[in-house]
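Each chain, written out:
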Amino acid sequence: KKYRVAILGATGAVGQEFLNLIEERKFPFSELRLLASSRSAGKKIAFMGKEYTVEETTADSFAGIDIALFAGGAASKEFAPHAVKAGAVVIDNSSAFRMDPEVPLVVPEVNPEAIKKHKGIIANPNCSTIIMVMGLKPLYDLAKIRRIVVSTYQAVSGAGKEGMAELEEQVAALSAGKDAEANILPVGKLPKHYQIAFNLIPQIDVFMDNLYTKEEMKMIDETKKIMEDDSLRITATTVRVPVYRSHAESVNVEFESEISLDAARAALAAFPGVILRDNPSQQEYPMPLFTSGKTDVEIGRLRRDESTDNALNFWICGDQIRKGAALNALQIAEYMIAHELV
Ligand code: 11C
C-alpha cells in the first residue's frame, strides 16, 4: 500500500530532510504535496526524478492526504485542525500540541504505544529532548530514574536554514578580517543578536518567568511526558554552539538503585537507534563530526558519578535535523504503517 503525503514547510531545513529521508528509506508514497508559506509558493523542487511545485498552504491543502508531515513553526497551529478535518494524520514537529493531554508525544524507540491513542495529531518532541531520551530509556528500563541534570551543546540548525547560514557567513567574514553580522541568534524575534562563530550563547528560545529558557522547560516537561513519569526531577541548561547540525548533551542521571556500568553499557549498545562509541583508552567518544547527517545517536563517556550513589554520567550526540526532527517524525509514520494505524 502507498500513502498520499503532504509536507508542510517543505522548503526549510526539516522539510528538505523529510525529502532526503523519504527517498533514502523508500517511504511508500503515491502522491506528494509540498506546502509552504506564500513566500515559497511557486518554487520548483526536483525530487526522485520528478519536478514538484511548492504550493501555498491553505485550509483546503489537505484534501485526499493520508499523512501530513509538519516541519514545525507557527503554521502548525493554524493548519493542523484543517488537516485532521480532511482525514489526514498530522505528525507535527512544532511545540504547539506537545503538552496537550489529547496529543501523543512520541519517540518511537521509547514510547511507541502512545501513538495508538492519537486523535488526528501526533507530536514530535523538541530535538534536544528526543536525543536525551534515546539515552535515558534503556537505562530507565534497568532502574527507575530519580533525577537528571543535563547541559546541552546545540547546533545552529535548531534555528533553521537561516541559523546555519548565519554561522557560515560569520566564519567567512571573520576569516577575511571583516566584522560578523548577527541577525538570527539567539532568537530571531528578540531585539538583541549575538555572534555565534567562535562563541557560545547560553540562551535557546525566550526566557520564562522562572528564569529558565523555553528550550530548557521543553526538555523538562516533554521528558516527563514521553517517559510517562511526572515524578522525574530534571534540570537543564541549554547552550547554542558553533556547530552546524548535530546536538551534543552532557547528562548526569541518578537512579533509585545501583546499576553496574557493564549493565548500562550493554543496555545502551542493544537499544535501537543508539551506537555506543565509548573507548577512552583509544580516545573514542561521540562528536558532532561523527553524528552529523547520520541516523543513529551516539553515546560515550559513560562513567560513574563518584560524587554520589547510584548515578552515572554520559555524553550523547545526535543529528538535530534527522533524529531531532525529520527522522523521528518519519519513524512515527513508519510505525503507523507497520501497525496498520493509518
Ligand atoms: C533549537 N530545539 O535547537 C530548538 C529547535 O521546539 O522544536 C526546535 C524547537 C522545537 O533551537
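Everything discussed here concerns the structure shown above.
Residues numbered from 1 in each chain as written. Predicted model: local features only at pLDDT ≥ 70, side-chain atom pairs only at ≥ 80, totals over all residues. Heavy atoms only, no water.

Enquirer: When you look at unusual backbone geometry in this model, what are you seeing that I'm missing?
Expert: Glycine aside, a negative phi is what most residues show, and trans is what most peptide bonds show. Cis geometry marks the peptide bond from leucine 185 to proline 186; its omega dihedral reads 5 degrees. Residue position: proline 186 is located in the loop between α4 (160–175) and α5 (214–226). Of note in this structure, lysine 26 is not a glycine but carries a positive phi near 55 degrees. Positionally, lysine 26 belongs in the loop between α1 (13–24) and β2 (29–36). By relative accessible area, which is 70% here, lysine 26 ends up exposed. Positive phi values are uncommon outside glycine, yet aspartate 205 reaches one of about 75 degrees. (Helix = DSSP H or I, 4+ residues; strand = E, 2+ residues; numbered from the N terminus. Buried < 20%, exposed > 50% of the residue type's maximum accessible area, 1.4 Å probe, protein only.)

Enquirer: Please explain the pattern of salt bridges as it appears in this structure.
Expert: Oppositely charged side chains can form a pair if their charged atoms are brought close together. If you walk through the whole model with that rule in mind, you get 18 salt bridges. Residues glutamate 109 and lysine 323 are paired through a salt bridge, measuring 2.8 Å at the closest nitrogen-oxygen approach. With glutamate 109 in the loop between β7 (89–92) and β8 (121–123) and lysine 323 in helix α8 (residues 322–338), the pair connects residues that are 214 residues apart, well separated along the chain. The pair formed by glutamate 109 and lysine 323 is uniform in burial state, with each residue classed as buried. Two residues, lysine 116 and glutamate 113, come together in a salt bridge whose shortest N-O distance is 3.2 Å. Looking at lysine 116, the relative accessible area reads 43%, which means it is partly exposed. (Salt bridge = Lys/Arg side-chain N within 4 Å of Asp/Glu carboxyl O.)

Enquirer: Could you clarify how one ought to interpret the site of the ligand in this entry?
Expert: Taken together, Asn93, Arg98, Asn126, Cys127, Gln154, Gly158, Ile204, Glu215, Lys218, Arg240 and His247 are the residues near the ligand. A distance of 2.9 Å is found between an oxygen atom of the ligand and a side-chain nitrogen or oxygen belonging to glutamine 154. In the model, an oxygen atom of the ligand is placed 2.5 Å from a nitrogen or oxygen of the arginine 240 side chain. For the ligand, the accessible surface in isolation is 320 Å², of which the surrounding protein chains cover 84%. Along the lines of polarity and charge, the residues of the shell around the ligand split into 2 nonpolar, 5 polar and 4 charged. (Near = heavy atom within 4 Å. Polar contact = N/O pair within 3.5 Å; in protein donor to acceptor, adjacent residues only side chain to side chain. Areas by Shrake-Rupley, 256 points an atom, 1.4 Å probe, with all protein chains shown as cover. Nonpolar A, V, L, I, M, F, W, Y, C, P; charged D, E, K, R; others polar.)

Enquirer: In this structure, what is going on with the sheet that holds β2? I would like to understand it.
Expert: Each strand in a sheet pairs with another by means of backbone hydrogen bonds, the pair being arranged parallel or else antiparallel. As summarised here, the arrangement of the 6 strands in space is β5-β2-β1-β6-β7-β8, forming an open sheet in which the pairing is parallel. Either end of the sheet is taken by a strand with one partner, and the two such strands are β5 (55–56) and β8. One ladder, built from 4 bridges, connects strand β6 (residues 67–70) with β7; its direction is parallel. The residue bridging leucine 69 from the neighbouring strand is isoleucine 91, located in β7. (Pairing = 2+ DSSP bridges.)

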